[in-house]
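Descriptive structure summary
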Amino acid sequence: MQLRSVFLPIAATSRRDIIERIVQLLVGLFLYGVALGLMVRGGIGVAPWDVLALGIAGNAGIGYGVVTVLVSVLVLLLWIPLRQRVGLGTLLNALLVGPSADLALFVLPVPAVCVGAPMFVAGLLLLAFATGLYIAADFGPGPRDGLMTGLVGRTGWPVWLVRTLIEGSVLLIGFLLGGPVGVGTVLFAFGVGPLIGWFLPWTTRVRAARSRQLARA
């Protein structure tokens, strides 16, 4: 199999455009990791994939960020039978989000009980913004999003069903492993979609306008 059939092509209007988009991708992924750290420190529950990561980390005695990277790599291996194409953003997502989350957890103190919920909400808002940033950079989907779209393409099932089955299974396994499920898990489930739906069109418009400006220049 040729490499070009495995990796997504990179399109850009200019060299400056591609440099700016890579910077945007890196900033978005770093902020995504910081957002995860904020939600974990909030202590009121986390997203399904993080329930799994924290459950594995607690049982295996290794760091949350390391587990996040390992889970991402495992998910990427599941792309192979689905014949999903990998982008630069896909690989960097798998490798950088976990260390960024660990850095945030190292810096952020354990908050007082009254601060936990606002910290989680701040993390959720930051995560939605960061998602808009890195997706708008247009370097390919993250490992988990690619798994979802790959399964939708292979099965023909609707997106909502595939997403629900994946996250429901991940949440159940994480819960059984002792991962933290709480009010934050519910807030994430119902809040992340609308928030990304608000941030993503805005970041996409801003990025597209900047790329057109660079093309004219």
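Please refer to the structure higher up on the page.
Residues numbered from 1 in each chain as written. Predicted model: local features only at pLDDT ≥ 70, side-chain atom pairs only at ≥ 80, totals over all residues. Heavy atoms only, no water.

**Some details on the overall build of the protein chain**
Filter applied, for reference: Note on conventions: DSSP H or I runs of at least 4 residues are helices, E runs of at least 2 residues are strands, and numbering of each starts at the N terminus. We compute the radius of gyration from the C-alpha atoms alone; for a globule the expected value is 2.2 Å times N to the 0.38, where N is the number of residues. With a 1.4 Å probe rolled over the protein chains alone, any residue whose accessible area is under 20% of its type maximum counts as buried; one over 50% counts as exposed, and the rest are partly exposed. Working rule for contacts: check all heavy atoms of both residues, and any pair within 4.5 Å makes them a contact. Surface accessibility follows the Shrake-Rupley procedure with a 1.4 Å probe radius. Residue values consider only the protein chains on display as shielding. Only four residue types enter the tally: Lys and Arg on the positive side, Asp and Glu on the negative side, with His and both chain ends excluded. Every charge is mapped to an atom, namely NZ of Lys, CZ of Arg, CG of Asp or CD of Glu.
Of regular secondary structure, the protein chain possesses 9 helices and 0 strands. A compact globule built from 217 residues would reach a C-alpha radius of gyration of about 17 Å, and the protein chain, at 18 Å, matches this within 12%. Oriented by its inertia axes, the alpha-carbon framework of the protein chain measures out at about 55 × 35 × 30 Å. Out of the 217 residues belonging to the protein chain, those deemed buried represent 42%. Contacts in the protein chain between residues far apart in sequence, at least 24 positions, make up 82% of those at least 6 positions apart. With an accessible surface of roughly 11400 Å², the protein chain has 73% of that area assigned to carbon and sulfur atoms. Of the side-chain charges in the protein chain, 15 are positive and 7 negative, and the distance between the mean point of each set is 9 Å.

**Notes on unusual backbone geometry**
One non-glycine residue with positive phi stands out, namely R83, at about 55 degrees. Tracing the backbone shows R83 in the loop between helix 4 (64-82) and helix 5 (88-107). Of note in the backbone geometry, D138 takes a positive phi value of approximately 65 degrees without being a glycine. Position of D138 among the secondary structure elements: in the loop between helix 6 (113-136) and helix 7 (143-155). Under the relative-accessibility criterion, D138 is labelled exposed at 56%.

**Focus on the packing of helix 4 against helix 7**
Helix-helix packing is characterised by the crossing angle of the two axes and by the distance between the axes. The following threshold applies: As a rule, the C-alpha atoms of each element are fitted with a line to give its axis, helices using only the stretch in contact, and angles between N-to-C directions run from 0 to 180 degrees. We call two directions roughly parallel when the angle between them is under 35 degrees, roughly antiparallel when it is over 145, roughly perpendicular when it lies between 65 and 115, and oblique otherwise. Crossings are assigned a handedness: left-handed for a near helix turned anticlockwise from the far helix by less than a right angle, right-handed for a clockwise turn. Here the nonpolar group is Ala, Val, Leu, Ile, Met, Phe, Trp, Tyr, Cys and Pro; Asp, Glu, Lys and Arg are the charged ones; every other residue, Gly included, is treated as polar.
Interaxial distance between helix 4 and helix 7 falls to 9 Å at its minimum, and their mutual angle equals 25 degrees. On the basis of the axis angle, helix 4 is roughly parallel to helix 7. In the packing of helix 4 onto helix 7, the handedness of the crossing is left-handed. Judged by residue contacts, T68, V71, S72, V75, L76, L78, W79, P81 and L82 of helix 4 engage P143, R144, G146, L147, G150, L151 and R154 from helix 7. In terms of residue class, the contact of helix 4 with helix 7 is made up of 10 nonpolar, 4 polar and 2 charged.

**Some words on the pattern of salt bridges**
So the rule is basically this: In the sections that follow, a salt bridge refers to a side-chain nitrogen of Lys or Arg positioned within 4 Å of a carboxyl oxygen of Asp or Glu.
According to the stated counting rule, one finds 6 salt bridges in the structure shown. Among the ionic pairs, E20 bridges to R210, the shortest N-O distance being 2.7 Å. Taken together, the positions of E20 in helix 2 (residues 15-42) and R210 in helix 9 (residues 183-216) put the pair 190 residues apart, joining distant regions of the chain.

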